[in-house]
Amino acid sequence: MRKLSYLKNVATLTVDEARCTGCGACLEVCPHEVLRMNGRRVQIQDKDACMECGACSRNCPAGAISVQVGVGCAAAVINGMLGRSGAGCCCSIDPDNPSSQGPRCC
Amino acid sequence: MTEQDSTGKKVNMQGVFPMAPVSSCSPESPHPEMMPARLDQPFAEGFMESPSGRIPRVSPSLRTEDRIGTIKARIGVGRMVYTVDPGLYALGEPDRNSPVLVTANYKMSFDSLRGALLGRSAWILVLDTKGINVWCAAGKGTFGTEELVLRIAAVGLKNIVEHKDIILPQLGAPGVAAHLVKKLSGFRVHYGPIRAHDLPAYLDAGMKATRQMRTKTFSLKERAVLIPIELVGTLRTAAIIIPIMFLVSGFLGSKDFVPNLLKDGVFTAAAVLSAVFAGAVLTPLLLPYLPGRAFSVKGFSAGFFTALLLLFLRGIDMGSLHGVLGGSAWVLMMSAVSAYLAMNFTGASTYTSLSGVKKEMRWALPVQIGAGISGICLWLLSGFFA
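The structure presented is a predicted model; accordingly, all values stated were derived computationally and were not measured. (Residues numbered from 1 in each chain as written. Chains lettered and ligands numbered in written order. Predicted model: local features only at pLDDT ≥ 70, side-chain atom pairs only at ≥ 80, totals over all residues. Heavy atoms only, no water.)

**Structural notes on the overall build of chain A**
Right, on to step 1. The number of helices and strands found in chain A is three helices and five strands.
Right, on to step 2. Start at the N end of chain A and walk to the C end: the helices and strands fall as β-α-β-β-α-β-β-α.
Right, on to step 3. Residues classed as buried in chain A amount to 53% of the 106 residues present.
Right, on to step 4. Sequence-distant contacts in chain A: of pairs separated by 6 or more residues, those separated by 24 or more amount to 40%.
Right, on to step 5. Roughly 4,600 Å² of accessible area belongs to chain A as shown, and the carbon and sulfur atoms make up 46% of that amount. (Helix = DSSP H or I, 4+ residues; strand = E, 2+ residues; numbered from the N terminus. Buried < 20%, exposed > 50% of the residue type's maximum accessible area, 1.4 Å probe, protein only. Contact = heavy atoms within 4.5 Å. Areas by Shrake-Rupley, 256 points an atom, 1.4 Å probe, with all protein chains shown as cover.)

**Details of the packing of aromatic side chains**
Each aromatic ring pair is described using two quantities: the centre-to-centre distance and the angle formed by the ring planes.
Right, on to step 1. Per the stated rule, a full pass over the model turns up 13 aromatic pairs over all chains.
Right, on to step 2. Within the aromatic cluster, the residues linked to one another by ring pairs are Y6(A), F218(B), F295(B), F345(B) and Y351(B).
Right, on to step 3. The ring centre of F187(B) lies 4.5 Å from the NZ or CZ of K164(B), which sits over that ring.
Right, on to step 4. Over the face of the ring belonging to F267(B) we find R314(B), whose NZ or CZ atom lies 4.2 Å from the ring centre. (Phe/Tyr/Trp six-rings, centres within 6.5 Å; stacked < 30°, edge-to-face > 60°. Lys NZ or Arg CZ within 6 Å of the ring centre and 35° of its normal.)

**So, the pattern of salt bridges**
Should their charged atoms come close, side chains of opposite charge can pair.
Residues and elements named next belong to chain B.
Right, on to step 1. For the structure on display, the rule yields 16 salt bridges over all chains.
Right, on to step 2. For R54, the salt bridge identified is with E49, shortest N-O distance 3.0 Å.
Right, on to step 3. D66 is paired through a salt bridge with K107; the nearest N and O atoms lie 2.6 Å apart. Highlighted residues: D66 in helix α2 (residues 64-75) and K107 in helix α3 (residues 107-115), separated in sequence by 41 residues. Pair check on accessibility: D66 and K107 agree, each one buried.
Right, on to step 4. Each of the salt bridges in this network shares a partner with another, and the network as a whole consists of D66, K107, D111 and R114. (Salt bridge = Lys/Arg side-chain N within 4 Å of Asp/Glu carboxyl O.)

**A closer look at a positive patch on the surface**
Right, on to step 1. On the surface, K158(B), K164(B), K182(B), R188(B) and K208(B) cluster together to form a positively charged patch.
Right, on to step 2. Inspection of the secondary structure assignment puts R188(B) in strand β8 (residues 188-191). (Patch = residues over 30% accessible without salt bridge, like charges linked within 9 Å, V, L, I, M, F, W, Y side chains within 5 Å. Lys, Arg positive; Asp, Glu negative; His and termini not counted. Charge placed at Lys NZ, Arg CZ, Asp CG, Glu CD.)

**Structural notes on the packing of α2(B) against helix α11 (residues 227-252) of chain B**
Residue and element names in this part refer to chain B.
Right, on to step 1. It is at 6 Å that the axes of α2 and α11 come closest, and there the two elements cross at 50°. When the interaxial angle is binned, α2 and α11 end up oblique. For the pair α2 and α11, contact is made by A73, R74 and I75 and by P228, I229 and V232, respectively.
Right, on to step 2. The residue makeup of the contact of α2 with α11, split by class, is five nonpolar, no polar and one charged. (Axes fitted to C-alpha atoms, helices over the stretch in contact; angles between N-to-C directions. Parallel < 35°, antiparallel > 145°, perpendicular 65-115°, else oblique. Nonpolar A, V, L, I, M, F, W, Y, C, P; charged D, E, K, R; others polar.)

**Examining the packing of α11(B) against helix α12 (residues 257-286) of chain B**
All names here are of chain B.
Right, on to step 1. Closest axis-to-axis distance for the α11/α12 pair is 9 Å, and the angle between their directions is 160°. Compared by their axis directions, α11 and α12 come out roughly antiparallel. For the crossing formed where α11 meets α12, the hand is right-handed. (Left-handed = near helix turned anticlockwise from the far one by under 90°.)

**Overview of the confidence of the model for chain A**
All names here are of chain A.
Right, on to step 1. In the predicted model, chain A carries a mean pLDDT of 81, and 77% of its residues have values of at least 70.
Right, on to step 2. Least confident of the elements in chain A is helix α3 (residues 74-81), whose mean pLDDT is 87; most confident is helix α2 (residues 55-58), at 97.
Right, on to step 3. Low confidence marks residues 86-106, where pLDDT is under 50. Its contacts with residues over four positions away, or in another chain, come to 58 contacts. (pLDDT = per-residue confidence, 0-100.)

**A word on α2(B)**
Residue and element names in this part refer to chain B.
Right, on to step 1. Compared with the 16 Å implied by 1.5 Å per residue over 12 residues, the 17 Å span of α2 between its first and last C-alpha is a close match.
Right, on to step 2. Looking only at α2, the buried set comprises D66, G69 and A73. Along the axis of α2, the buried residues cluster in a sector spanning 55°; they form a single face. Seen from the open side of α2, the exposed residues pointing more than 90 degrees away from its buried face are T64, R67 and I71.
Right, on to step 3. Taken together, the buried residues of α2 touch α3 and α11.
Right, on to step 4. G76 sits one or two residues past α2 and shows a positive phi near 85°. (Expected span 1.5 Å × (residues − 1). Arc of directions from axis to C-beta.)

This is the structure we're talking about:
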């Protein structure tokens, strides 16, 4: 199967190589092999594959990675624009009022 | 979900220590959210005695009820109550050296975990994610550092196992800072494979995951299982729109109301359903092969060619103004609907970023609305040239 890739040059991922200690925690958690080890520092090898899940930055003990975390879900964005918080994506279910949303994705 | 800056340091640790000693001598009952998992849940098969009290036992073999539950959740029936109690479970006959596997309290997550471990024993630690799967809950932070640290303390995990290792699904990583869990609980987080299916190989390799285990795919099968839930939601909307358009088409044809309904009305219903099919079924299935990167573009082409095929099958008369207007109307409307539905499939996909979705929507949504409205106008206009 062809590798699926989304829009180019939009991901907000950045690595501060000066702060990177080379522990490799980020490499382990990235689901799309966005990062690679270059010597003793991590660098971005495939920025367009980044889905901005934030696993790498969350698990970086050195705080060397930053990314604007979000879920790439158009339904959730539309509901946000309409001022609704419940409906749309699974990822925006209001746990306190789950009945307020229709079944979606996962 | 709103954007949030996550630099890995901003985990909200407020309340971790005040809440942790749930087994204190306070006369009140423990925090209700930290109660042990109930023994009488329908999928539990007896219990095990442990230093932390009785722990429900579960089997790796899923029963018919479990499988029916998964199917119902996939098509969106009764999904919202599809939970298991948070807390600790014994899978098989675990002992003090057995691995500890962490998951969400969405029953499908729980079932796919235990179902992958046929013939093995393990402890399963279920976090309270409000019935949401691991990936989505990690994004929200409910499958998170704080809940994990509290749950480890609440079930007295250090009294259950001798080791200090816990295995989390890799897709839980957006919510959990492994280094903070170590600091706060003493337990070391190991990120296991993305798919529960790979767990036996991961465990046998001494908690080592291959590259393939760490990479999220979006295979035909993975896309196909997402279709029913999208389709059911969309068909609910279609069930309102189709009767309206059906009746309107009675006024647009060249004959009387009822013959028009039989001819154009039936076609209208078929066209709306075909557009839904193009956007919610064809697009997910053909995703890697449709042109473009933006989902709207993929969906637009699926809708466009479906519309052409449908018009060809109907044998539309492109020599008359009525036929040209009607034909163009359906091409526009069907492409717009399909593009919109495809765009909404970004939420179910495994590789779209929020930045990308926002960028796509900035141009795609106006185009979809424009195409849809022009299509409706042309369609209504065609009635005057019947």
